[in-house]
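Coordinate analysis (summary)
Residues per chain, in single letters:
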Amino acid sequence: MSDLLITGARLLGGEAKDVLVREGTIVEVGTGLDAPGDVERLEADGLALLPGFVDLHTHLREPGREDAETIATGAAAAAAGGYTAVLAMANTSPVTDTAEAAERVLDLGHEAGLVDVQPIGAVTKGLAGEELAELVLMHRSRARVRVFSDDGRCVSDARVMRRALEYVRAFGGVVSQHSQDPDLAGPSACCHEGELSGRLGLPGWPSVAESSIIARDAQLARHTGSRVHVAHVTTAEGVEVVRWAKAQGIDLTAEVTPHHLLLTQDLLSGYDPTFKVNPPLRPSEDVEALRAALADGTIDAVATDHAPHARHDKEHAFVDAAFGMLGLETAFAVVHDTMVRGGRLDLATLADRMSTAPARIAGLSGHGSAIEAGAPATLVLVDTEASQTVDAAASKSLSRNNPWHGMSFTGAVHSTILRGRVTASLQGAS
Amino acid sequence: MSATTSSTTQTRMPRHLLSMADLDAGAIRTVLDTAAQMHDVQKREVKKIPTLRGRTIINLFFEDSTRTRSSFEIAGKWMSADTINITGKGSATSKGESLRDTVRTIDAMGVDAFVIRHGASGACHQVAGWVDAHVINAGDGTHEHPTQALLDAYTMERRLGSLEGRHVAIVGDLAHSRVVRSNLISLQRLGAHVTLVAPPTLMPSGIGAWAERDGFALSHDLDGVLQGREGKAVDALMMLRVQKERMSGGYFSTAREYTVGYGLTRPRLADLVERNPEIVICHPGPMNRGLEISADAADAAQSLVLDQVSAGVAVRMSVLYHLLAGEDTPTVGTTTEGSAA
């Protein structure tokens, strides 16, 4: 059913309105709206209505690691988290580096039918960082790939990065870069470099390994007249460079993860691989810089880097365990609690950072739209008063590497609506 | 973590020995005192005591080790425990089994303790959360090596007496050393002043803030420290191994340059002994003779290198006793084969 009457919802947290949806499209926004009895009603008194969230950085693990996540389970987790679109990272097995692979992800997303699953294409063949993947064919495929990334493998070769930026400029694509200079932070780097990494004896991941790549990529974006997106900025130094690049008018955008907005490196002191993520959790000074940057718009978007892992891949020694943590279902609660209740953002700006801006960066039409007649009814209802305690076992993800387990947040997703259809709700998906 | 096994004294012993931080000053004292009793067993003709009869200790070594593993094995055997060595190489781990599965499999056999050497920092902490047995850290990555620090303290005390107010300089590849991280804790808890000496590239990350927080000194000038130009005269010098492979990582240029700056060369040794004939020189081994320590220094009268190895067995007996033996178990007792000792 894609006809729906939402009543009494506070639009972007403001005035309460009714929203009438016909065939997936908003046809009227007003007060005292009525609809025929066969139209599904969603009483939303006290809830806030926002455009559905868009995640620029999701790992769905299919194809290749369906034991950790499938497109269907990841999509269910996304819908539960208020997302209506996710960008599926290319580091699957096989890698999404061809048109066929991208279309396969798109089709599996359609089959799941809970969120729009938009594939991200690899920048280089097999994520090897050497030869460009078929960027144009991926773009011309049914998947219309616009965002390219080698994910955790930074495109560190400046020549390859330059060519990729030049190449995607032709069709308005963007390269999403995991900014990690591999010479300064090698593959084993797993703890923010500083006193704690020294004490714990863990391989350090210095801030400069991030900021130096952002600086280089900003210069390359300027030189090529192309567009670069900085995946998960995590350091104050990185933020500083992003701010500088934007001030120069360089076409650069940036995202931050919920975990880097709240969790700090101190969680590593017990060597629990649940908290092992790349880039690593940082000191509280960096967390503060990231919050400020998200508030003032230096950082454009929140992206989860949802990274499910089978339990046994996390049960190795810390340096040997897999990087990554879950994030889709908890993102809103974390961002709301940290940023809105923390007095740094209002709900309308949260909606920009979690929906409108990421939709714009990804070039996704039909997401992140204003809530008005004629727009697709792709929405999320949130309860800003509800408190919840995260239970890892209750996740719709197949994996349980959940750093939020046992933590309490104020703010919860009530219902997610994709083109007029409720894809998730507190009462369970319809 | 929670202290469950208490020794015969009032000192609370932790369930596991994962870090030197698990032992407060009182517990360190207790372990060292018991080690002295255990040391006497080494001199007996029949070295077997019944203290840990019926206990099973697994030496689980994921990394090569000669002295630490044999030291733990001898310690366990002299105390009548059943000790079994398992090496990680060629074990299930190299077949892709998770660390948790590996240790829980062995734990399920009903063993009493794991003595673990692992190339990854924190591995022992993780294992302690997965198994019922006691866990003793025999060296984890570049993190800690608590029994080495205990035997170092024991050895230095035998020669110098109390370490309270003594000045210990630790020199070498500190960035990659688990020995220094454990020694920093134990030496400071025993009241010693510590100065770390290394080129900047071989210092651990964040060492400045760390030194300030914990109250130890740093220097890049070995001669300045040895000649007392930076603080008080040195009572003990601990030389740490420098791996030649570090040169490729850009940590230093050549062995020659390292030795000129930080090696305990023959002239440095002569100067040092002239200033203070009572100085002691330690090295946890294995030594790179000619690189961080000259042959003359390694074999000098001031060198405690072999005393350290000897003490290693006694200290490990003490640790096994305090972690594994029941409250009523006598420390040393008589040898198992008759009372003729």
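Residues numbered from 1 in each chain as written. Chains lettered and ligands numbered in written order. Predicted model: local features only at pLDDT ≥ 70, side-chain atom pairs only at ≥ 80, totals over all residues. Heavy atoms only, no water.

Let us now look at the sheet that holds strand E6 (residues 193-197) of chain B. Residues and elements named next belong to chain B. The strand order across the open sheet built from five strands is E7-E6-E5-E8-E9, with neighbouring strands paired in parallel fashion. Both edges of this open sheet fall to strand E7 (217-219) and strand E9 (280-282), since each of them pairs with a single strand only. On average, each strand axis in the sheet is tilted by 20° relative to the strand beside it, whichever way the strands run. In terms of strand pairing, E6 meets E7 through three bridges, oriented parallel. Residue pairing for E7: valine 197 is matched across the bridge by serine 219. (Pairing = 2+ DSSP bridges. Helix = DSSP H or I, 4+ residues; strand = E, 2+ residues; numbered from the N terminus. Axes fitted to C-alpha atoms, helices over the stretch in contact; angles between N-to-C directions.)

All names here are of chain B. Per the UniProt entry, the sites bearing "binding site: carbamoyl phosphate" (unreviewed entry) are Arg67, Thr68, Arg117, His145, Gln148, Gly285 and Pro286 in this numbering. On the secondary structure map, histidine 145 appears in the loop between strand E4 (134-140) and helix H5 (146-160). Excluding its chain neighbours within four sequence positions, the residues that come into contact with glutamine 148 are Val179, Pro284, Gln308 and Arg316. (UniProt positions renumbered as here; feature names shortened; annotations may be inferred. Contact = heavy atoms within 4.5 Å.)

Time to look at the pairing of strand E6 (residues 53-58) of chain A. A regular strand places its side chains so that they alternate between the two faces of the sheet. Residue and element names in this part refer to chain A. Of all six residues in E6, six are buried, a share of seventy percent or more. Sheet topology note: the E6/strand E7 (residues 83-88) ladder contains four bridges and is parallel. Along E7, the bridge assignment pairs phenylalanine 53 with tyrosine 83. On the question of chirality, the crossover connecting E6 to the parallel E7 by way of helix H1 (residues 71-80) is right-handed. (Buried < 20%, exposed > 50% of the residue type's maximum accessible area, 1.4 Å probe, protein only. Right-handed = clockwise from strand over helix to strand, strands pointing away.)

The next thing to look at is the packing of aromatic side chains. All chains considered together, the criterion is met by seven aromatic pairs over all chains. Here Trp404(A) and Phe409(A) contribute two aromatic rings whose centre-to-centre distance is 5.9 Å and whose plane-to-plane angle is 70°, an arrangement assigned as edge-to-face. Note on Phe409(A): relative accessible area 3%, which makes it buried. On the numbers, 5.6 Å between centres and 35° between planes, the contact of Tyr258(B) with Tyr262(B) is tilted. Note that Tyr258(B) and Tyr262(B) are positioned in helix H9 (residues 255-262) at a spacing of four residues, about one turn of the helix. One aromatic cluster is present, built from ring pairs that chain together Phe53(A), Tyr83(A) and Phe332(A). (Phe/Tyr/Trp six-rings, centres within 6.5 Å; stacked < 30°, edge-to-face > 60°.)

A few words on the pairing of strand E16 (residues 379-389) of chain A. Residues and elements named next belong to chain A. Two strands pair when backbone bridges link them, and strand E5 (residues 48-51) and E16 are joined in this way by four bridges, in the antiparallel orientation. The residue of E16 that forms the bridge with leucine 50 is valine 380. With eight bridges connecting them, E16 and strand E17 (residues 408-418) associate as antiparallel partners. Among the inter-strand pairings, glutamine 388 is bridged to a residue of E17, identified as phenylalanine 409.

So, about unusual backbone geometry. Residue and element names in this part refer to chain A. For the peptide bond that leads from serine 93 to proline 94, omega is 5°, which places it in the cis range. Inspection of the secondary structure puts proline 94 in the loop between E7 and helix H2 (99-112). The phi torsion at arginine 61 lies on the positive side, around 70°, for a residue other than glycine. One can find arginine 61 in the loop between E6 and H1. Arginine 61 sits in the buried class, given a relative accessible area of 13%. At histidine 232, a residue that is not glycine, the phi angle is positive and equals roughly 20°. Within the element layout of this structure, histidine 232 appears in the loop between strand E13 (228-230) and helix H7 (236-247).

Taken together, the contact pairs 23 residues of chain B with 19 residues of chain A. Both faces combined, the contact of chain B with chain A buries some 1600 Å², and carbon together with sulfur accounts for 52% of it. Counting the contacts that link chain B with chain A gives three salt bridges. Of the charged contacts in the structure, one is a salt bridge between Asp214(B) and Arg199(A), with a shortest N-O distance of 3.0 Å. Between the two partners, chain B and chain A, sit ten residue pairs in polar contact (both at pLDDT 80 or more). Of all elements in the fold, only helix H3 (99-107), helix H4 (123-128) and helix H7 (207-214) of chain B reach the threshold of two or more residues within the side of chain B that touches chain A. The greatest single-element share of the side of chain B that touches chain A, amounting to four residues, is contributed by H7(B). Its residues assigned to classes, the side of chain B that touches chain A shows seven nonpolar, eleven polar and five charged. (Buried area = accessible area lost by both parts, 1.4 Å probe. Salt bridge = Lys/Arg side-chain N within 4 Å of Asp/Glu carboxyl O. Polar contact = N/O pair within 3.5 Å; in protein donor to acceptor, adjacent residues only side chain to side chain. Nonpolar A, V, L, I, M, F, W, Y, C, P; charged D, E, K, R; others polar.)

Turning to the sheet that holds E4(B), a few remarks are in order. Residue and element names in this part refer to chain B. Across the sheet, four strands lie side by side as E2-E1-E3-E4; this open sheet has parallel pairing. Here the strands that pair on one side only, and so sit at the sheet edges, are strand E2 (82-87) and E4. The mean inter-strand angle of the sheet, taken between neighbouring strand axes irrespective of direction, is 15°. Where strand E1 (residues 56-61) meets strand E3 (residues 113-118), five bridges bridge the pair, whose relative direction is parallel. The residue of E3 that forms the bridge with phenylalanine 61 is arginine 117.

The parts lose accessible area when they come together, and the size of an interface is often stated as this lost area. All names here are of chain B. Domains assigned within chain B are domain 1 (20-145 + 311-338) and domain 2 (147-308). Placing the centre of domain 1 and that of domain 2 at their C-alpha centroids yields a distance of 27 Å. With 32 residues of domain 1 at the contact, the number on the domain 2 side is 26 residues. Buried area between domain 1 and domain 2, both sides added, is near 2300 Å², and the carbon and sulfur share of it is 59%. (Domains from an automatic or database assignment.)

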